[in-house]
Structure formats: C-alpha cells, structure tokens
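So the chains spell out like this:
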Amino acid sequence: MYKISNKEIFAASAAFLVVSTVAVSVVSKLNKLKKQAEKESFERDCMYMAYMDDEVGRKEFNGKKINGDIIKFPPKKESLYYRYQLFKELYGKYSPKEREKELRKLEQRYYKYKVTKK
C-alpha cells in the first residue's frame, strides 16, 4: 500500500487552498458584477418609466383646468429628474419581475395614449 508523505499532504493542501481562494475570488467578482448590472438595469428602468410617465402626463394634463387651476408642467429636464427620483423611491423594494410588470403596464398606457391621442 502506498503511504502518503507529509510533504505530499502539505502540497495538496496548499494547492487546494490556492484553488479555493481563486474560486472564492471569482465568485465574489461575479456577484459584484451582477449587483452592478442589476443596479444599472433598475436605474435605466426608472428613467424609462419617468420618460413615459412625463410624456403621458404632459399630453393628458398640460394646459387643462382642474378645480379652476391651469395645469402647467415645469421644464422637461426638471420634471424628468423629479419623476426619475420618484420611481427610484417607489420601485426600490420591488423585485426585478415586479418592476418589469409595472414597466409593462406603463408601456401599455404610453403606447395606447400615443396611438389614440395624436
């Protein structure tokens, strides 16, 4: 029977430690990249929803009277930034699937309005 020397056990342990460290490092980096991609996707979705919501709101309400007051929207740059921040706050706790569902609802509203209210 072959007897394993302490030197071989040490070499195998060292090799295992190196491989394990590399694997943990790779998994950690992949998780970090995944989180960054999810954050970027979330921010992109919020900006997209802000744009669609702003467009629909401007077409539906700009210049209309509600309770005797004429609705006037701020400049688009300010309005989009406000809506973007609002959507980040509103949808921050949503899962990607839930957020996707809300985005699709807003898209339907946007495209329905675009087609019917030219």
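Now for a description of the structure that goes with this document.

Procedures and definitions
- Residues numbered from 1 in each chain as written.
- Predicted model: local features only at pLDDT ≥ 70, side-chain atom pairs only at ≥ 80, totals over all residues.
- Heavy atoms only, no water.
- Helix = DSSP H or I, 4+ residues; strand = E, 2+ residues; numbered from the N terminus.
- Buried < 20%, exposed > 50% of the residue type's maximum accessible area, 1.4 Å probe, protein only.
- Contact = heavy atoms within 4.5 Å.
- Areas by Shrake-Rupley, 256 points an atom, 1.4 Å probe, with all protein chains shown as cover.
- Lys, Arg positive; Asp, Glu negative; His and termini not counted.
- Charge placed at Lys NZ, Arg CZ, Asp CG, Glu CD.
- Phe/Tyr/Trp six-rings, centres within 6.5 Å; stacked < 30°, edge-to-face > 60°.
- Salt bridge = Lys/Arg side-chain N within 4 Å of Asp/Glu carboxyl O.
- Expected span 1.5 Å × (residues − 1).
- Arc of directions from axis to C-beta.

**A word on the overall build of the protein chain**
Scanning the protein chain from terminus to terminus reveals three helices and two strands. In sequence order, the secondary structure elements of the protein chain are arranged as α-β-β-α-α. Considering only C-alpha atoms, the protein chain reaches an extent of 95 × 25 × 20 Å along its principal axes. In the protein chain, which comprises 118 residues, the proportion classed as buried is 21%. The contacts of the protein chain with a sequence gap of at least 6 include a subset with a gap of at least 24, amounting to 66%. Looking at the protein chain as shown, the accessible area adds up to about 9,700 Å², and 61% of this sits on carbon and sulfur atoms. Across the protein chain, the mean location of the 28 positive side-chain charges is 2 Å away from that of the 16 negative side-chain charges.

**A short note on the packing of aromatic side chains**
Counted under the stated rule, the structure contains four aromatic pairs. Ring centres of tyrosine 91 and tyrosine 94 lie 4.9 Å apart, and the angle between their planes is 90°; this geometry places the pair in the edge-to-face category. Ring centres of tyrosine 110 and tyrosine 111 lie 5.1 Å apart, and the angle between their planes is 75°; on these two criteria the pair is classed as edge-to-face. With relative accessibility at 9%, the residue tyrosine 110 sits in the buried group. Relative accessible area serves as the criterion here: at 44%, tyrosine 111 is assigned to the partly exposed category. Through a chain of ring-to-ring contacts, the aromatic side chains of Tyr51, Tyr110 and Tyr111 assemble into a single cluster.

**Observations concerning the pattern of salt bridges**
In this structure the tally under the stated criterion is eleven salt bridges. Here glutamate 55 and lysine 76 are joined by a salt bridge, their closest N and O atoms 2.2 Å apart. Taken together, the residues glutamate 55 in helix H1 (residues 6–61) and lysine 76 in helix H2 (residues 76–91) connect sequence positions 21 residues apart. The salt bridge involving lysine 105 is made with glutamate 102; its shortest N-O contact spans 3.2 Å.

**Points about H2**
For H2, spanning 16 residues, the distance from its first C-alpha to its last is 22 Å, which sits close to the expected 22 Å at 1.5 Å a residue. For H2, the set of buried residues is Ser79, Leu80, Arg83, Tyr84, Phe87 and Tyr91. Across the axial projection of H2, the buried residues extend over an arc of 135°, all falling on one side. Facing away from the buried surface of H2 by more than 90 degrees, the exposed residues are Lys77, Glu78, Tyr81, Tyr82 and Glu89.

**Side note on the environment of phenylalanine 10**
For phenylalanine 10, the location among the structural elements is in helix H1. Separated by 63 residues in the primary sequence, phenylalanine 10 and phenylalanine 73 have C-alpha atoms spaced 72 Å apart.

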